[in-house]
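Close look at the chain arrangement
Below are the chains, spelled out letter by letter.
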Amino acid sequence: MADVAIAAGVSHMTVSRVLNGTARVSPATRAKVEEALRALGYRPNAAARALATGRSGQLSVVFFDTTLFGPASALFAIEQAARQEGYSVSIISLPRIDPDTMRDAVATLRSQAVDGTIIVAPHTTAAEALREVPEDLPAVVVAGAQTAGLPLVAIDQETGARLATEHLLQLGHRTVWHVAGPGSWVDARGRTRGWRKTLQRAGLPVPPPLVGDWSARSGYEAGVRLAADPDVTAIFVANDHMALGVLRALALAGRRVPEDVSVVGFDDVPESPYYPPALTTVRQDFATVGVQAVAALLARINGKDPSPRELLVPELVVRESTAAPPA
């Protein structure tokens, strides 16, 4: 920093103010310091900063070991948002989320001296595990249920399911069948709840849901059963990968989409506009999830109380897989 100050012709304190983002520096002076930083290839000394501030400048994400689109997208968004705030990110991948694995994760977090952690906890079993997070460790939960007094940032799954179901009803379908995700997932339960409530409010029959495991294979198996029922004209599928399997089963059974059967998915995976046909689905804004989660965690680190529950509203994306039912 002393070299930067000499090169820019300013004081050591002015360089410090620029590095810390303090507003009390004129634009011209800030530009000179930033140019000197670039010219000298200055990089902050993380160890020295930690000694001076009592903080490591590092956050952690405790993550359930899965490559599924939703949790993986949330992880990527959190990491990007944290880096935008100047924090490095470490990832602890757990084979499952339960009290034992969470205790081990907390021990690892302590050894890393992280400033705080974000826990991606999509399973209903996470409630008990989250009680293992000590009060003096700033933490935020993403994509789970509100438990253990920890702030939650999540997407409103019930609203997303309502948007999907209402879209099909507004097209004229008399009811909507549902291919659900596994009941051990918080998001799957929320989507089933939103679908069921929408049909009940409309006074329409609620068919028994078919339960899959998020895979295209399980969607195909459910689709075979639904394709055999001529009364099925509209299907809400709990994620886009299972919807792909449903579309395949309908095609093999000679049921046209959307002329005979309409299909709506959930997630808006990058491939969904290229499904045959392009899939109507519910888009989740994972980038905003990451920004909100990091903001809530930084608030806790700084001794503030963030909103205990931040629910983000998803968006219905209408494409080619939905239409009015056959006459």
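The following refers to the structure shown.

Definitions and limits used
Residues numbered from 1 in each chain as written. Predicted model: local features only at pLDDT ≥ 70, side-chain atom pairs only at ≥ 80, totals over all residues. Heavy atoms only, no water. 1 Å grid on protein atoms, 1.4 Å probe; cavity = no way out; pocket = protein on both sides within 12 Å on 5 of 7 lines; lining within 4 Å. Points joined across faces, edges and corners; volume = space filled by probe spheres on them. Helix = DSSP H or I, 4+ residues; strand = E, 2+ residues; numbered from the N terminus. Nonpolar A, V, L, I, M, F, W, Y, C, P; charged D, E, K, R; others polar. Buried < 20%, exposed > 50% of the residue type's maximum accessible area, 1.4 Å probe, protein only. Pairing = 2+ DSSP bridges. Axes fitted to C-alpha atoms, helices over the stretch in contact; angles between N-to-C directions. Contact = heavy atoms within 4.5 Å. Parallel < 35°, antiparallel > 145°, perpendicular 65-115°, else oblique. Salt bridge = Lys/Arg side-chain N within 4 Å of Asp/Glu carboxyl O.

1. Examining empty space enclosed by the protein
Tallied over the entire structure, the rule returns one cavity of 30 Å³ or more. Of the voids in this model, the largest cavity is the one considered here, and its volume is about 240 Å³. Of all the elements in the fold, those that place two or more residues in the lining of the largest cavity are α5 (69-84), β5 (152-155), α9 (186-201) and α12 (286-301). Looking at the lining of the largest cavity, its residues break down into 15 nonpolar, five polar and three charged.

2. What about unusual backbone geometry?
Each neighbour pair has its own omega, and for Val257 with Pro258 the value is 10 degrees, a cis peptide bond. Residues Pro276 and Pro277 are joined by a peptide bond in cis, for which omega reads 0 degrees. Its place among the elements puts Pro277 in the loop between β9 (262-264) and β10 (281-283). Even without being glycine, Ala113 reaches a positive phi, approximately 55 degrees. Locating Ala113 in the fold gives a position in the loop between α6 (99-112) and β3 (116-120). Residue classification places Ala113 among the partly exposed positions, given a relative accessible area of 46%.

3. Section: the sheet that holds β3
Reading across from one edge, β2-β1-β3-β4-β5-β11 is the order of the six strands in this open sheet, with parallel pairing throughout. The open sheet has two free edges, formed respectively by β2 (88-94) and β11 (309-312), since each of these has just one partner strand. Between one strand and the next, the sheet's axes are offset by a mean angle of 20 degrees, whatever the strand orientation. With two bridges connecting them, strand β4 (residues 139-142) and β5 associate as parallel partners. In the strand pairing of β5, Val141 is matched with Leu152. Lying over the sheet, α5 contacts β1 (58-64), β2, β3 and β4, oriented at roughly 180 degrees with respect to β1.

4. A few points about the packing of helix α2 (residues 12-19) against helix α3 (residues 27-40)
As a packed pair, α2 and α3 sit with axes 10 Å apart at the nearest point and diverge in direction by 85 degrees. Overall, the two elements α2 and α3 adopt an arrangement that is roughly perpendicular. Across the interface between the two elements, Thr14, Val15, Val18 and Leu19 of α2 pack against Thr29, Arg30, Val33, Glu34 and Leu37 of α3. When grouped by side-chain class, the residues that make up the contact of α2 with α3 number five nonpolar, two polar and two charged.

5. Topic: the environment of Ser307
By the secondary structure assignment, Ser307 is in the loop between α12 and β11. Assessed through its relative accessible area of 37%, Ser307 is described here as partly exposed. The sequence separation of Ser307 and Pro151 amounts to 156 residues, and the corresponding C-alpha distance is 6.7 Å.

6. Notes on the pattern of salt bridges
Scanning all chains against the criterion turns up 17 salt bridges. Note that Arg38 and Glu35 form a salt bridge whose closest N and O atoms lie 3.0 Å from each other. With a gap of three residues between them, Arg38 and Glu35 both fall in helix α3, about one helical turn apart. Arg191 is the partner of Asp187 in a salt bridge, and the nearest nitrogen-oxygen pair spans 3.8 Å.

7. Some thoughts on the layout of surface pockets
Taken as a whole, the second largest pocket holds about 230 Å³ of empty space. If you go around the second largest pocket, you meet 15 residues; those closest to its centre are Ile155, Val186, Arg193, Arg309 and Leu311. Mapped by element, the contributors of at least two residues to the lining of the second largest pocket are β5, α8 (157-170), α9 and β11. Sorting elements by how many residues they give to the lining of the second largest pocket places α9 first, with four residues. For the lining of the second largest pocket, a count of residues per class yields six nonpolar, four polar and five charged.

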